[in-house]
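Examination of the molecular architecture
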Amino acid sequence: MCISHEIAGMVRQVAQSCGGQVPEIGPNATLEGDLRFDSVDLAALQAALARRFGPGVDLPAHVNSLPLEAIIGLTVADVVDHVRAAVAG
Amino acid sequence: MSRFLLVVPPLAGHVNPAQGIADALLAAGHEVAWCGSEAVLRPLLGAGAVVFPTGSRLLRPQSDHGLAAVKSVWERFIVPFATFTLPAVERAAREFRPDVLVVDQHCPAGALVAHRLGLTWATVVASTMDLGHPLSAMPQVTAWIEERLRGLWAKAGLPAHAYTDPRFSPHLVLSCAAGPLAGPGPFPDHFALVGPTVGTRPDQPDFPWEWLDGRAGVLVSMGTLADDITARFLREAVAALAPLGERVRAVVVAPPEALPPLPAHVLARRRVPMLDLLPRMSAVLTHGGLNTVSEALAVGVPLVVAPIRHDQPINAARVVGAGAGVRVNFARSTAPVLRAALTGVLDDPAPRAGAAAVRDTLAAAGGAPAAARHLAALAGAAAPEPPPEPTEQAAACRSRSA
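For clarity, every value in this text was computed on a predicted model and none was experimentally measured. (Residues numbered from 1 in each chain as written. Chains lettered and ligands numbered in written order. Predicted model: local features only at pLDDT ≥ 70, side-chain atom pairs only at ≥ 80, totals over all residues. Heavy atoms only, no water.)

1. Regarding the overall build of chain A
Tallying secondary structure elements over chain A gives five helices and zero strands in all. The C-alpha radius of gyration computed for chain A amounts to 12 Å, which stays within 12% of the reference 12 Å derived for 89 residues, consistent with globular compactness. Counting only C-alpha atoms, chain A reaches 35 × 30 × 20 Å along its principal axes. In chain A, which comprises 89 residues, the share counted as buried stands at 47%. Long-range pairs, those at least 24 residues apart, make up 63% of the contacts in chain A between residues at least 6 apart in sequence. For chain A, the computed accessible surface area is about 4,400 Å², with 57% contributed by carbon and sulfur atoms. Across chain A, the mean location of the 5 positive side-chain charges is 9 Å away from that of the 10 negative side-chain charges. (Helix = DSSP H or I, 4+ residues; strand = E, 2+ residues; numbered from the N terminus. Rg over C-alpha atoms; globule rule 2.2 N^0.38 Å. Buried < 20%, exposed > 50% of the residue type's maximum accessible area, 1.4 Å probe, protein only. Contact = heavy atoms within 4.5 Å. Areas by Shrake-Rupley, 256 points an atom, 1.4 Å probe, with all protein chains shown as cover. Lys, Arg positive; Asp, Glu negative; His and termini not counted. Charge placed at Lys NZ, Arg CZ, Asp CG, Glu CD.)

Below, the structure written as structure tokens:
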């Protein structure tokens, strides 16, 4: 399975943790706007990412460092890019 | 005795705590006037209050959440409202000549006028959005907000070298959030965390008290947003309550037409007499506005918090941190998830004990009388004894000033 699909699956898992069903999540879906992620969801996603890709991945720290507009517009593809960079680095 | 001009935004959640402070000031013999939107203030304050009107302007709806909501509250509300009201606030200050301007944290116009006229001013913190540094981990977001504030400062004709953050008076900051709700300290010496400053609220709606019986009371209060996501949440909340008829009586604060058909043990009311109702409740399901959270915890009622935006996620995290309730997802939680959260808070003694601990902290924080003493001291008056019957005296003072 490619890393993009795997991470989209993790995002979906978090989005479904409150009982609902979420359809397949595309790379352009924004975490905050489309998926209505909050800090609790972000922490849950971070836990899943760190389990799979190691402690080098720190998505909350990455998000916190971004400008306001970039946080609002953060997509699933951006998460994939961050994980790729963290794993490569 | 001293003169205080209160500058508030047109939001009940900010006017109510300021009114508690005003009542306590009036009771101690001080003079109080208001500056804000009279259309909003008058119904909340009653006919006797002295109001310097700023006029009203249509505020664009803000239905976002997360950082998008932070952005829109600054861009669509705090900044344009400050710009729009600045001349009226300055006129009011020149006319009333207060000893202290008492400024809501999100009404920078009050702070700007204080600096323009060289007046002493105090901040009232009625939301935790800017208390306890909730955004300090986001340097570019805090810089973005400061840029807006510096823009207002410059636009008000104030010199850049004298910049003072209009959210924080250098003289006195009164916080309606206290204890664990205020977030991590330490706070500077001129911060007074007085806790909820509950005052008299005229025109409280009736409530069928006899309808509440021996069963556990659950209050559902999700604010006034009337969008699809709130409608979905309320449907799920009603479905969560539906099988609990043998043990629960639930009051949902919402227009009845916004809800599905209700079972006999669920009552919908557009408005409720919140302060009288809360002591009768065993749990509150709320979006987590600071007033509802503080007022529930002030009587030791544990919470299920489903935060939507602004300071609500911060309050939710602080409630969870204090062990006084649980947090659920507002946008996605389904009926079984909400039911589990509610029955958990009803059955588990730990959240009740956590709420009781916060209740004791809030009781010790001093509330409105403490706020009035701090303000009186700031105004240079001797701190008066706390009055025995603040509400009656306040009413008398208010009718005198009418």
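After that view of the structure, there is still more to cover.
2. Examining the interface of chain B and chain A
Contact residues are listed per partner, giving 20 residues for chain B and 21 residues for chain A. Taken together, the connections running from chain B to chain A amount to three salt bridges. The residue B:Arg332 makes a salt bridge to A:Asp41 at a minimum N-O spacing of 2.8 Å. Inspection of the region where chain B meets chain A yields 11 residue pairs in polar contact (both at pLDDT 80 or more). Elements that contribute at least two residues to the side of chain B that touches chain A include exactly α3 (66-96) and α5 (139-155) of chain B. (Salt bridge = Lys/Arg side-chain N within 4 Å of Asp/Glu carboxyl O. Polar contact = N/O pair within 3.5 Å; in protein donor to acceptor, adjacent residues only side chain to side chain.)

3. Some words on the packing of aromatic side chains
Residues and elements named next belong to chain B. Inspection of every chain in the model, using the stated rule, returns seven aromatic pairs over all chains. Considering the side-chain rings of Phe52 and Phe96, the 6.0 Å spacing of their centres and the 65 degrees angle between planes classify their relative orientation as edge-to-face. Here Phe96 lies in helix α3 and Phe52 lies in strand β3 (residues 51-53), a separation of 44 residues in the sequence. No difference in accessibility class separates Phe52 from Phe96, as the two residues are buried. Consider the rings of Phe187 and Phe191, whose centres lie 6.0 Å apart with planes at 25 degrees: the pair is stacked. (Phe/Tyr/Trp six-rings, centres within 6.5 Å; stacked < 30°, edge-to-face > 60°.)

4. Regarding unusual backbone geometry
If a residue is not glycine, its phi is most likely negative; likewise, a peptide bond is most likely trans. All names here are of chain B. That bond from Gly185 to Pro186 is cis: its omega, 0 degrees, falls within 30 degrees of zero. For Pro186, the position within the fold is in the loop between β6 (172-175) and β7 (191-193). One non-glycine residue, His133, lies in positive phi territory at about 55 degrees. Note that His133 resides in the loop between β5 (120-125) and α5.

5. Brief notes about the pattern of salt bridges
One pass over the structure, following the stated rule, counts 18 salt bridges over all chains. One salt bridge in this structure joins B:Arg148 and B:Glu147, with 3.7 Å as the shortest N-O distance. Under the relative-accessibility criterion, B:Glu147 is labelled exposed at 53%. A cluster of three or more residues bridged by salt bridges with shared partners is formed by A:Glu69, B:Lys71 and B:Glu75.

6. Details of the packing of α3(B) against α5(B)
Residues and elements named next belong to chain B. It is the contact of α3 with α5, at a shortest axis distance of 11 Å, that shows an interaxial angle of 5 degrees. Regarding the angle of α3 to α5, the classification is roughly parallel. Judged by residue contacts, Leu67, Val70, Lys71, Trp74, Glu75, Val79, Ala82 and Thr83 of α3 engage Val141, Trp144, Ile145, Arg148, Leu149, Leu152 and Lys155 from α5. Of the residues belonging to the contact of α3 with α5, the class tally is 10 nonpolar, one polar and four charged. (Axes fitted to C-alpha atoms, helices over the stretch in contact; angles between N-to-C directions. Parallel < 35°, antiparallel > 145°, perpendicular 65-115°, else oblique. Nonpolar A, V, L, I, M, F, W, Y, C, P; charged D, E, K, R; others polar.)

7. Re the sheet that holds β6(B)
Residues and elements named next belong to chain B. Within the open sheet, the seven strands sit side by side as β3-β2-β1-β4-β5-β6-β7. Their pairing is parallel. The open sheet is flanked by β3 and β7, the only strands paired with a single partner. Strand-to-strand twist in this sheet, taken as the mean axis angle between neighbours without regard to direction, amounts to 20 degrees. Here strand β4 (residues 100-104) runs beside β5; their pairing, made up of five bridges, is parallel. (Pairing = 2+ DSSP bridges.)

8. Details of the UniProt feature "domain: Carrier" (unreviewed entry) in chain A
With numbering aligned to this structure, UniProt lists the feature "domain: Carrier" (unreviewed entry) at residues 16-58 of chain A. Its end C-alpha atoms 22 Å apart, residues 16-58 of chain A is made of 35% helix and 0% strand. (UniProt positions renumbered as here; feature names shortened; annotations may be inferred.)

9. A few points about the nonpolar core
By size, the foremost hydrophobic cluster in this structure holds 72 residues, and its most contacted members are A:Leu45, A:Leu49 and B:Trp74. When near neighbours in sequence (up to four residues on either side) are disregarded, A:Leu45 contacts A:Met10, A:Val11, A:Val14, A:Leu31, A:Phe37, A:Leu59 and A:Val79. Within the second largest apolar cluster, 65 residues are counted, among which are B:Met281, B:Val301, B:Leu362 and B:Ala365. (Core = buried A, V, L, I, M, F, W, Y, C linked by side-chain atoms within 4.5 Å.)

10. Thoughts on the domain arrangement of chain B
Residues and elements named next belong to chain B. Per the domain assignment, the segments of chain B are domain 1 (3-195 + 366-401) and domain 2 (209-361). In this structure, domain 1 and domain 2 have C-alpha centres spaced 28 Å apart. Each side of the interface is counted separately: domain 1 has 24 residues, and domain 2 has 18 residues. Counting the surface lost from both domain 1 and domain 2, the interface buries some 1,500 Å², and carbon and sulfur atoms represent 61% of this. Of all the elements in the fold, those that place two or more residues in the side of domain 1 that touches domain 2 are α1 (12-27) and α3. The dominant element in the side of domain 1 that touches domain 2, judged by the number of residues it contributes, is α3, at three residues. (Domains from an automatic or database assignment. Buried area = accessible area lost by both parts, 1.4 Å probe.)

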